[in-house]
Amino acid sequence: MMLEPVATLLLSMLSIPGMALIAGALAVPLLPTSARNAFMLALIAFSGWTVWQIAPDASLTARLAGIELTLLRVEAITKPFALVFHIAAALNVIYSMHEKARLTATAGLAYAGAAIAALFAGDFLTLFIYWELTTFASVFLVLAGNTPRATRAAMRYLLMQVASGVILLAGAVLLWRSGAGFAITALDATTPAGFCILLALGIKAGFPLLGGWLQDAYPEASPAGSVMLSAFTTKLAIYMLVICFAGFKPLIYIGLAMAIISLFAAMIENNLRRVLAIALVNQLGIMVVGIGIGSELAINGVTAHAFASVLYKGLLFMSMGAVFFRTGTDRADALGGLARHMPWTAGFCLIGALSIASMPLFSGFTTKALTLGAVAKQGELWVWLGLLFASVGVVLHTALRLPYAAFFATNPKIKAEEAPLNMRVAMGLAAGGCLVIGLYPSALYALLPYAVSYKVWDVGHVLGEVQLLVFVALIFALMVRRGLYPLSGADMVIYTDWIGRYALPRLIIGIGAPLMRLWNGAKDGFVALVLRLLRTGEEASRATGLASGVASTGAAAGIFLALFALILLIRIVI
């Protein structure tokens, strides 16, 4: 009789968006390549359909060990995040159709499914399960880089992601012990529970000093793996920050630091996929600023910008992945002139670059404008100026430098074939999404949690953005012509992970080595003293006859009295 409720619960769980992808991932390794791709796309289509059909008040609960879990809950911002996650999952399948690696396909599908299901979690225990599943599925995408550096990066990535999960669980337990339960709701970040959860989300979102794993791991993954990684983990963290900490003012300055600090590392980085990973932190910073503002316009801006960012950042990662796939390198100093060999890839890359640059008629313009408008309406002038400076930086190091270094800089020696058809199809679909959002933003605005009344197409706003971009482009051209802008930079720039990867280990070694020498010296001295006492005792026993059992009565009485005195002393002290 107990089987019926269990079976009903399992069937209900399969109706949760993303669960079909997690369950279907188990069958992926058993299928031939042609059937595998069709199977994964069908699962994604089914899961996406459930998102489109889901009711705003839908819910699903279950009890485990006396604790009520909310397996399904829909928030106002859930649907746009869930839909773009499904779009990204489908694009990833198409982009990687040429690959034969079953493990990567399996991990990628489970990773996408866990991220989608996490959006609908209504309690922190359910979220923790999906949180950890995204970690263990995605680490295989980093390992798919199949190099020693990829292996080391994967281990650091796993360490940081597991730490995030443990801290999240600690925060959930503290929340429960305070009597608030495990429900996901708005939190006070100044409480121990709230701080732990904010810290866990901050690791995933790439907060300063916590986000080095992102620029460390993403470029080391396979080309398809980098695209998959860019879509889910950080956007899931942004989603949870909106749910739990919207309006928390310190996030304004944390996000501003993310947006600005990343500029300097990206401008001198030589690895172009790492440039994109660092630029991703810049875009996340803009979203975190919007979360800190917390107004309806700001939350609309965060949601819209996250949606558009998944597409145009994915497109840029796809184009650089295609370059890496055909040339075997993503170093700026080894590339250039690929536009004549890979014209389709170059064109798609330019669309992604214009989108991240917020050029009018492209997606970034119609989505980032909402967040900047919210900052301006809040009266945060210095924050607005800081975001404007950050926008100029991302135009320089990503929108201009990246396509120029890869496709238009002079390099007569390089030759390459155009990207495979499936890669071009995926890039074309992503580019189409960037154009649709840029030309017809009302379709995206209709999905946002609040009504949009902000006038994006204000003449002054459009002209100001165009003037800014033209000015920056002219400065870039002049600097490149005069050799003042480094198209190729350092082999590897140590970002905010410098403390954890270099400074802290050396500090621990510097402090620990003398202490260990002192400890070893004291330990060796103590052992030598004990051995010397034992030898002295053994010689004394021989001299008094104790060892042979012929000791005098006086010697035995003396030993007894000494032991008795020692026992009394110990008792008095204790």
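Residues numbered from 1 in each chain as written. Predicted model: local features only at pLDDT ≥ 70, side-chain atom pairs only at ≥ 80, totals over all residues. Heavy atoms only, no water.

(A) Spatial organisation of the overall build of the chain. In terms of helices and strands, the chain carries 22 helices and two strands. Burial analysis of the chain (574 residues in total) assigns 51% to the buried set. Intrachain contacts of the chain at a sequence separation of at least 6 include 82% that bridge at least 24 residues. Carbon and sulfur atoms form 71% of the exposed surface of the chain, whose accessible area is close to 25200 Å². (Helix = DSSP H or I, 4+ residues; strand = E, 2+ residues; numbered from the N terminus. Buried < 20%, exposed > 50% of the residue type's maximum accessible area, 1.4 Å probe, protein only. Contact = heavy atoms within 4.5 Å. Areas by Shrake-Rupley, 256 points an atom, 1.4 Å probe, with all protein chains shown as cover.)

(B) Summary view of a nonpolar patch on the surface. On the surface, a cluster of nonpolar side chains totalling about 510 Å² of accessible area is made up of Leu361, Val436, Leu439, Tyr440 and Trp457. Relative accessible area serves as the criterion here: at 56%, Tyr440 is assigned to the exposed category. (Patch = residues over 30% accessible without salt bridge, like charges linked within 9 Å, V, L, I, M, F, W, Y side chains within 5 Å. Salt bridge = Lys/Arg side-chain N within 4 Å of Asp/Glu carboxyl O.)

(C) The arrangement of the packing of helix H10 (residues 223–231) against helix H11 (residues 233–245) in detail. It is the contact of H10 with H11, at a shortest axis distance of 4 Å, that shows an interaxial angle of 0 degrees. Judged by the inter-axis angle, H10 sits roughly parallel to H11. Across the interface between the two elements, Leu229, Ser230 and Ala231 from H10 touch Thr233, Thr234 and Lys235 from H11. Of the residues that constitute the contact of H10 with H11, the class distribution is two nonpolar, three polar and one charged. (Axes fitted to C-alpha atoms, helices over the stretch in contact; angles between N-to-C directions. Parallel < 35°, antiparallel > 145°, perpendicular 65-115°, else oblique. Nonpolar A, V, L, I, M, F, W, Y, C, P; charged D, E, K, R; others polar.)

(D) Summary view of the pairing of strand S1 (residues 59–64). Relative to strand S2 (residues 67–73), S1 runs antiparallel, the two being bridged by six bridges. Each residue of the ladder has a partner; that of Ala62, found in S2, is Leu69. Between the antiparallel neighbours S1 and S2 lie two residues, among them Ala65 with a positive phi of about 55 degrees. (Pairing = 2+ DSSP bridges.)

(E) Local environment of the nonpolar core. Membership of the largest hydrophobic core comes to 182 residues, with the highest contact counts inside it found for Phe124, Tyr218, Leu241 and Phe245. In terms of residue count, the dominant contributor to this core is helix H14 (residues 296–327) (18 residues). Looking at which domains feed residues into this core, each of domain 1 (1–243) and domain 2 (246–495) supplies at least three. (Core = buried A, V, L, I, M, F, W, Y, C linked by side-chain atoms within 4.5 Å. Domains from an automatic or database assignment.)

(F) Helix H13 (residues 272–293), seen in detail. The end-to-end C-alpha distance of H13 is 32 Å, a good match for the 32 Å that 22 residues give at a rise of 1.5 Å each. Counting buried positions over the 22 residues of H13 gives 22, a clear majority of the element. The residue sitting at the N-terminus of H13 and contributing the capping side-chain oxygen is Asn271; that oxygen lies 3.0 Å from the backbone nitrogen of Arg273. Positive phi appears at Gly294, one or two residues downstream of H13, with a value of about 80 degrees. (Expected span 1.5 Å × (residues − 1). Polar contact = N/O pair within 3.5 Å; in protein donor to acceptor, adjacent residues only side chain to side chain.)

(G) Looking closely at empty space enclosed by the protein. According to the stated counting rule, one finds four cavities of 30 Å³ or more in the structure shown. Estimated volume of the largest cavity: approximately 160 Å³. Looking at the largest cavity, it is lined by 17 residues, and the ones nearest its centre are Met40, Val93, Ser96, Ala105 and Met228. Of all elements in the fold, only helix H3 (33–53), helix H4 (78–95) and helix H5 (102–119) reach the threshold of two or more residues within the lining of the largest cavity. (1 Å grid on protein atoms, 1.4 Å probe; cavity = no way out; pocket = protein on both sides within 12 Å on 5 of 7 lines; lining within 4 Å. Points joined across faces, edges and corners; volume = space filled by probe spheres on them.)

(H) Spatial organisation of the packing of aromatic side chains. Following the criterion strictly, the structure yields nine aromatic pairs and no others. With a centroid separation of 5.2 Å and an interplanar angle of 90 degrees, the aromatic rings of Phe85 and Phe232 are classed as edge-to-face. One end of the pair, Phe85, is in helix H4; the other, Phe232, is in the loop between H10 and H11, and 147 residues separate them in sequence. As far as the burial class goes, Phe85 and Phe232 line up, both buried. Ring centres 5.9 Å apart and planes at 35 degrees place the aromatic pair Trp344 and Phe348 in the tilted group. Here Trp344 pairs with Phe348, and both are found in helix H15 (residues 343–356), just four residues apart, close to one helical turn. Clustering of aromatic rings is evident, with ring pairs tying together Phe85, Tyr111 and Phe232. Arg273 extends its terminal NZ or CZ atom over the ring of Phe324, reaching a point 4.5 Å from the ring centre. (Phe/Tyr/Trp six-rings, centres within 6.5 Å; stacked < 30°, edge-to-face > 60°. Lys NZ or Arg CZ within 6 Å of the ring centre and 35° of its normal.)

(I) Structural view of the side chain of Thr329. Following the sequence through the fold, Thr329 ends up in the loop between H14 and H15. Relative accessible area serves as the criterion here: at 15%, Thr329 is assigned to the buried category. Of note is the side chain of Thr329, whose polar atom sits 3.1 Å from the backbone nitrogen of Arg331. The contact partners of Thr329, leaving out residues within four places of it in the chain, are Val323, Phe324, Ala334 and Leu335.

(J) Summary view of the pattern of salt bridges. This structure, assessed with the given rule, holds eight salt bridges. Linking Arg274 and Glu269 is a salt bridge whose minimum nitrogen-to-oxygen distance equals 3.8 Å. Comparing Arg274 with Glu269, the two get one shared label, buried. Note that Arg273 is salt-bridged to Asp330, the shortest N-O span being 2.9 Å. With Arg273 in helix H13 and Asp330 in the loop between H14 and H15, this pair connects stretches of sequence that are 57 residues apart. When salt bridges that share partners are traced, they join Arg149, Glu220, Glu269 and Arg274 into one network.

(K) How the structure looks around unusual backbone geometry. Positive phi, close to 75 degrees, is recorded for Leu209, a residue that is not glycine. Position of Leu209 among the secondary structure elements: in the loop between helix H8 (192–205) and helix H9 (212–217). With phi around 65 degrees, Ser358 is a residue other than glycine that occupies positive phi space. Among the structural elements, Ser358 can be located in the loop between H15 and helix H16 (363–377).

(L) Summary view of the confidence of the model for the chain. For the chain, the mean per-residue pLDDT works out to 83, and 86% of the residues sit at or above 70. Low pLDDT, under 50, characterises residues 546–553; the predicted model gives this stretch nine contacts beyond four residues in sequence or across chains. (pLDDT = per-residue confidence, 0-100.)

(M) Representation of the packing of H4 against H10 in the model. Interhelical geometry of H4 versus H10 gives an angle of 180 degrees and a closest axis separation of 10 Å. Considering the angle they form, H4 stands roughly antiparallel to H10. Where H4 approaches H10, its residues Phe85, Ala88, Asn92 and Tyr95 are matched on the opposing element by Pro223, Ala224, Val227, Met228 and Ala231. Of the residues that constitute the contact of H4 with H10, the class distribution is eight nonpolar, one polar and no charged.

(N) Region of interest: H10. Across the nine residues of H10, nine count as buried, placing the element largely inside the fold. When we look at burial in H10, the residues that qualify are Pro223, Ala224, Gly225, Ser226, Val227, Met228, Leu229, Ser230 and Ala231.

(O) Just the environment of Ile243, in detail. Mapping Ile243 onto the fold places it in helix H11. Residue Ile243 is classed as buried on the basis of its relative accessible area, which comes to 15%. Separated by 168 residues in the primary sequence, Ile243 and Glu75 have C-alpha atoms spaced 8.4 Å apart. Once you skip the residues sitting within four places of it in the chain, Ile243 turns out to touch Arg73, Glu75, Ile77, Ile184, Thr185 and Ala186.

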